[in-house]
Every structure is written in structure tokens, then in C-alpha cells.
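Breakdown of the fold
Residue strings, one per chain:
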Amino acid sequence: MRRATVTRKTAETAISVEINLDGSGTYDNQTGVGFFDHMLDQLSRHSLIDMTIRAEGDLHIDDHHTVEDTGIALGQALVQALGDKRGINRYGACLLAMDDALVRSALDLSARPFLVWNLDMPTAKIGTFDTELVREFFQALSTHGGITLHVDRLNGFNSHHIAEAAFKSVARALREAVEPDPRKSDAIPSTKGAL
């Protein structure tokens, strides 16, 4: 069963994450940050990973801790659900167009976290949401999920479209990477024999 439940509690946040890698993209995400919930819904829907996320954070300060800590917990859940990564594709990539935005994502579930981020936002805010938190989320997800992740904005002028294209693009790449490889379902996808 490629499922995981992770809870994370600090003085700043209380997060719970439940995922099913073999789901259908159903979601129930409630973080108290409306735009972020919308992005998490996209991540679930387009990766086909079922997600239930609950977060309570110090939103009276700002959204930073809630967004970052959700990324940490989701990354930890991915590691738990993937186990030894036997039989997965391991790699994924997606070139995704959304109106004016064109975003390319490529990732490796390598257990070697590294984020390359070439996704500048034209504005500092999307509504009340700080656009710099998009990077913070993916940094936390990459670090705690053991993911080498490259995200590039190739085009776009609308910050909402760019952010949403990034979440959808990473989702599609993640879907490809976690899916079983029908030709090597019994093998760990590495010449090292471990990931």
C-alpha cells in the first residue's frame, strides 16, 4: 500500500497530511490560506495522488510557516509512501501551458534534494498571498521529499497563471515519476541498488 500519514507539530504550526500515491486525484485540503489550498488541490488533481491536508498555523503573523511546514510534511509523506522506491519510474517531466504561462518541470526521486528555481513572479502578491512562498513550498517539498527538482518559467506575465502552471507542471512530473514501471516492477531504478 503506497499510502502515508504524517503529522508535524511545532510552536508555529500543526500539520497533518494523508496521501495515497495510487489514488485518483481526490483532495480535501484546508490550510487556512485560500490560494495555497487552490494550489494544493491542483497538485493532487494533476498528480492523481489523493491528498487530505489540515494545517493550523500562525496566520496572524503571515502565511510563511504554514506554507513551508506543509511542504515539509508532504515531502515526508512522499518518502514514507514510496518506501524503497522499487518499481517506480523515478523520473518525470512536464512542459505545461496555461494561458500566458509556460512552465517546465523535471524531477528525480533520487533521495538527493536539490532545487533549481527559475520562476520569477511579476508581482509580489496574488491577492493576499506572497508569491515568494511558491518557491518556499517547493524548496521544503524538495528537501524533505529527497527530490531533485528543476522548475523554469519559459513565458508568462500573470502571477496567478505562472504559479498555477508551476503546481500543475510539478504535479504531472510527479505523477510520471511515482507510477510503476511496467517493465521493471521488481527493480529499484538505480545501478546502485538503492535510492
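Scroll up to find the structure.
Here is what the cut-offs are and how they apply
- Residues numbered from 1 in each chain as written.
- Predicted model: local features only at pLDDT ≥ 70, side-chain atom pairs only at ≥ 80, totals over all residues.
- Heavy atoms only, no water.
- Core = buried A, V, L, I, M, F, W, Y, C linked by side-chain atoms within 4.5 Å.
- Buried < 20%, exposed > 50% of the residue type's maximum accessible area, 1.4 Å probe, protein only.
- Helix = DSSP H or I, 4+ residues; strand = E, 2+ residues; numbered from the N terminus.
- Contact = heavy atoms within 4.5 Å.
- Pairing = 2+ DSSP bridges.
- Axes fitted to C-alpha atoms, helices over the stretch in contact; angles between N-to-C directions.

Structural notes on the nonpolar core
- Membership of the largest hydrophobic core comes to 56 residues, with the highest contact counts inside it found for Ile19, Leu107, Leu109, Phe137 and Phe138.
- Here this core gets 11 residues from one element, more than from any other, and that element is helix H4 (residues 159–178).
- Among residues more than four places away in sequence, those in contact with Phe138 are Leu115, Trp117, Leu149, Ala166, Phe167 and Val170.

Side note on the sheet that holds strand S2 (residues 13–20)
- Spatially, the 4 strands line up as an open sheet ordered S1-S2-S4-S3, and their pairing is mixed. In this open sheet, the two edge strands, each paired with only one partner strand, are strand S1 (3–9) and strand S3 (27–30). If you compare each strand with its neighbour and ignore which way they point, the axes differ by 5° on average.
- Sheet analysis places S1 next to S2, joined by 7 bridges and oriented antiparallel. The residue bridging Lys9 from the neighbouring strand is Ala14, located in S2.
- Seen against the sheet, helix H1 (residues 34–47) touches S3 and strand S4 (50–57) and runs at an angle of roughly 160° to S3.
- Across the sheet, helix H2 (residues 64–82) lies against S1, S2 and S4, angled at about 35° from S2, the strand it touches most.

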